[in-house]
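Below, each chain spelled out in residue letters.
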Amino acid sequence: MSELTGNGPDSGPAFATLSQELLADFDELATLERICRRSLDVVPGADFAAITVRRRRGRLETLAQTDELARRCDELQYDLGEGPCVESALEDEPFLVRNTRDDERWPKWGPAVAELGVHSLISAQLPATVINPDRDPLGAINIYSRCADGVDTADLARTLVFAVHAGNALVASQQVTTLRNAVEARHQIGIAQGVLISRYRLTAEQAFEALQRYSSHSNTKLRDVAASVVETGELPLDDRELGTR
């Protein structure tokens, strides 16, 4: 049993160590998976966990889970349009559900997950405001138990502290991942420019314009166009469409 469950909702040194551990992976997916695993130490009565992440246009998606049943519980919320993780991900409100079958807040989702063998849970928002006050919430951590009353208010208090550390780690990993992807994309585009310069005797500027033009015409990301050029040695256009010879 983890030290995180002792000495009040925030057990000082244990949570400090946890925060460092969550920041150890400068990779978004690895950080999400670590958050899921460590949440089960924060809530000892839990059996599995999942993370709901906010995507563009308010779409919600589960990107990490400790068990496929956790993903199923999340996806039922998306399908039914109701449930604690949906509300936590969009609004700054945590939820403690002691008995999914009898909770009247989500009359469709609760009985459905009870039939799957999930009877209590905690859902808490993953905030991004400590690092960036203007950012929308990242999503929510959803911690499930097979037992009715498997989680309580003390578990909820610890989860809220954990969620702040987890949110900070996730923002940091997203920033590093974004930067890494940008560097890799720039490198790939540079190689593609070299291919076009050699094949079509273009200048560097003309080669980049050709990549951009095809990206726009085909509604394909510039990085993906560059990858195709590197693989095939040409753009899927004839010389006249390049217009730069």
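Above this text sits the structure in question.
Now for a look at the structure at hand. (Residues numbered from 1 in each chain as written. Predicted model: local features only at pLDDT ≥ 70, side-chain atom pairs only at ≥ 80, totals over all residues. Heavy atoms only, no water.)

1. Some thoughts on the overall build of the protein
And step 1. Helix and strand content of the protein: 9 helices and 5 strands.
And step 2. Element order for the protein, N to C, with α for helix and β for strand: α-α-β-β-α-α-β-α-β-β-α-α-α-α.
And step 3. Relative to its full complement of 245 residues, the protein shows a buried share of 44%.
And step 4. The contacts in the protein between residues at least 6 apart in sequence include a share of 61% that link residues at least 24 apart. (Helix = DSSP H or I, 4+ residues; strand = E, 2+ residues; numbered from the N terminus. Buried < 20%, exposed > 50% of the residue type's maximum accessible area, 1.4 Å probe, protein only. Contact = heavy atoms within 4.5 Å.)

2. Some words on the sheet that holds strand E4 (residues 120-126)
And step 1. Read from one edge to the other, the open sheet built from 5 strands follows the order E2-E1-E5-E4-E3, with strand pairing classed as antiparallel. With partners counted over all chains shown, the strands left at the sheet margins are strand E2 (60-65) and strand E3 (95-97), one partner each. With strand direction ignored, the average angle separating the axes of adjacent strands in the sheet is 20 degrees.
And step 2. In the sheet, strand E1 (residues 48-54) pairs with strand E5 (residues 139-145) via 6 bridges, with the strands oriented antiparallel. Within E5, the position partnered with Ile 51 by the bridge is Ile 141. (Pairing = 2+ DSSP bridges. Axes fitted to C-alpha atoms, helices over the stretch in contact; angles between N-to-C directions.)

3. So, the pattern of salt bridges
And step 1. Summed over all chains, the structure comprises 11 salt bridges.
And step 2. Of the charged contacts in the structure, one is a salt bridge between Asp 149 and Arg 98, with a shortest N-O distance of 3.9 Å. In this pair, Asp 149 sits in the loop between E5 and helix H6 (153-200) while Arg 98 sits in the loop between E3 and helix H5 (109-115), placing the two residues 51 residues apart along the sequence.
And step 3. Put simply, Asp 103 and Arg 105 hold a salt bridge, and the shortest N to O gap is 2.6 Å.
And step 4. Residues joined by salt bridges that share partners form a network here, namely Arg 55, Arg 59 and Glu 61. (Salt bridge = Lys/Arg side-chain N within 4 Å of Asp/Glu carboxyl O.)

4. Overview of the packing of aromatic side chains
And step 1. This structure, assessed with the given rule, holds 3 aromatic pairs.
And step 2. Consider the rings of Phe 48 and Tyr 144, whose centres lie 5.8 Å apart with planes at 40 degrees: the pair is tilted. Taken as a pair, Phe 48 in strand E1 and Tyr 144 in strand E5 lie far apart in primary sequence, 96 residues in all.
And step 3. Ring centres of Trp 106 and Trp 109 lie 6.5 Å apart, and the angle between their planes is 90 degrees; on these two criteria the pair is classed as edge-to-face. Neither Trp 106 nor Trp 109 differs from the other in exposure class; each is buried.
And step 4. Among the aromatic side chains, those forming a connected cluster through ring pairs are Phe 95, Trp 106 and Trp 109. (Phe/Tyr/Trp six-rings, centres within 6.5 Å; stacked < 30°, edge-to-face > 60°.)

5. So, helix H8 (residues 222-232)
And step 1. Residues of H8 that are buried: Val 225, Ala 226 and Val 229. Looking straight down H8, one finds that the buried residues subtend no more than 100 degrees of arc, so they occupy a single side.
And step 2. Contacts made by the buried residues of H8 are with H6 and helix H7 (204-218).
And step 3. Downstream of H8 by one or two residues, Gly 233 has phi in the positive range, about 85 degrees. (Arc of directions from axis to C-beta.)

Purely geometric numbers; function is a separate question.
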